Amino acid sequence: MRKISNPPTNSPVVSLKDVHKSFDKLKVLDGVDFEVDRGEVLAIIGRSGSGKSTALRCIDRFETIDSGEIVVCGHRVNDPKLNLRALRQDVGIVFQSYNLFPHLTIEENIILAPCSVKRVGKAQAKEQAQQVLAQVGLEDKLHQYPEQLSGGQQQRAAIARSLAMQPKVMLFDEVTSALDPELTGEVLKVIEALAANGMTMVMVTHEMGFARGIADRVVFMHRGRVHEIGSAAILTSPATPELAQFVGTGL
C-alpha cells in the first residue's frame, strides 16, 4: 500500500449522501453514499450500467442530481446557485476520450484554462505548462499537436492539462479503456505518481489489478447502488456473490 503524503482529515473532500439520478424513467443512481478524505484514492468499479461513471460526473456537475447532496471541497454541488467556475478550479476531470483541441499545440491546450479561467499571465502559464508536462514525462512534446502523439501520450497530456489548474481533487473516468496494454501502463504510472504525492483522486476503472495496488478504498457499484465498500482487500475477499462474480470474470 502506498504512503499517503497528506493524511486524511476529519472533514471529507468529497461527500455523496443519498444521491439519486434518473434519465427519463431509467434509475441510474439509487441512494448513493460515499466519502473521500484528503489524500485518499478511491476506486469505483462495477459492470457497465451500474452508475459508476454517472456518479463521477455528478461530482463535477457534468450531470445534475435529482435528490440528495454532494459536497466537494466545500462546494454544495447540488445547490442551484453553485459557482460552477469555482468548483471547476478545485476539481479536475479526465475522460477516456482525451478532449484535446486538435488545432492547438499541447502547450496551447494546457495554458488555455489557466489563462481564461484563473486569469494567469501567459508567461506564467507557459512555465506551468512545462512543469506539468515534465510531471507526466512529456516535456519534449510542448509544441506538438495532439495528432502527433500516441494515445497514451494524449491521455498524459490531458492529465497535465488538468494538473495545470492545480486542482484539489482529480477525477478519472476509465482513462485507459481506449488504450492498448503498453500505453495503459504509461498512463497508470502517471496516476501512481500522483497518488504517491498525496493527490486526492476518485477513479472509475476496469483495471482490477491497478485498483488493488493503488486504491485506499474500493466502491463496488451494482444496479445504481453502492453494493460493497472497503479496502482493496474486498477484491480478493468479496462479501457478496455479486462482487465475487464480478471480480471472478474481471481479474
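Our subject is the structure listed above.
Everything numeric here is computed off the predicted structure, so don't read it as measured data. (Residues numbered from 1 in each chain as written. Predicted model: local features only at pLDDT ≥ 70, side-chain atom pairs only at ≥ 80, totals over all residues. Heavy atoms only, no water.)

Visitor: Explanation requested: the pairing of strand β4 (residues 67-72) in the structure shown.
Guide: In summary, the side chains of a regular strand alternate between the two faces of the sheet. In the sheet, strand β1 (residues 14-23) pairs with β4 via five bridges, with the strands oriented antiparallel. Each bridged residue has a counterpart across the sheet, and for Leu16 the counterpart in β4 is Ile70. Pairing of β4 with strand β5 (residues 75-76), which is carried by two bridges, proceeds in the antiparallel orientation. The residue of β5 that forms the bridge with Val71 is Arg76. The hairpin formed by β4 and β5 contains two residues between the paired strands, and Cys73 there has a positive phi angle of roughly 50°. (Pairing = 2+ DSSP bridges. Helix = DSSP H or I, 4+ residues; strand = E, 2+ residues; numbered from the N terminus.)

Visitor: What is the right way to look at the sheet that holds strand β9 (residues 217-222) in this model?
Guide: As a general point, the strands of a sheet are linked pairwise by backbone hydrogen bonds and lie either parallel or antiparallel. In spatial order, the strands read β6-β7-β8-β3-β9-β10; together these six strands make up an open sheet with mixed pairing. Strands with a single pairing partner mark the edges of an open sheet, and in this sheet they are β6 (91-94) and β10 (225-230). Each strand axis lies, on average, 15° off the axis of its neighbour in the sheet, ignoring direction. Here strand β7 (residues 169-173) runs beside strand β8 (residues 200-204); their pairing, made up of five bridges, is parallel. Bridge pairing links Leu171 to Val202 in β8. Those strands touched by helix α5 (residues 151-163) are β6 and β7, and its axis lies near 170° from that of β6. (Axes fitted to C-alpha atoms, helices over the stretch in contact; angles between N-to-C directions. Contact = heavy atoms within 4.5 Å.)

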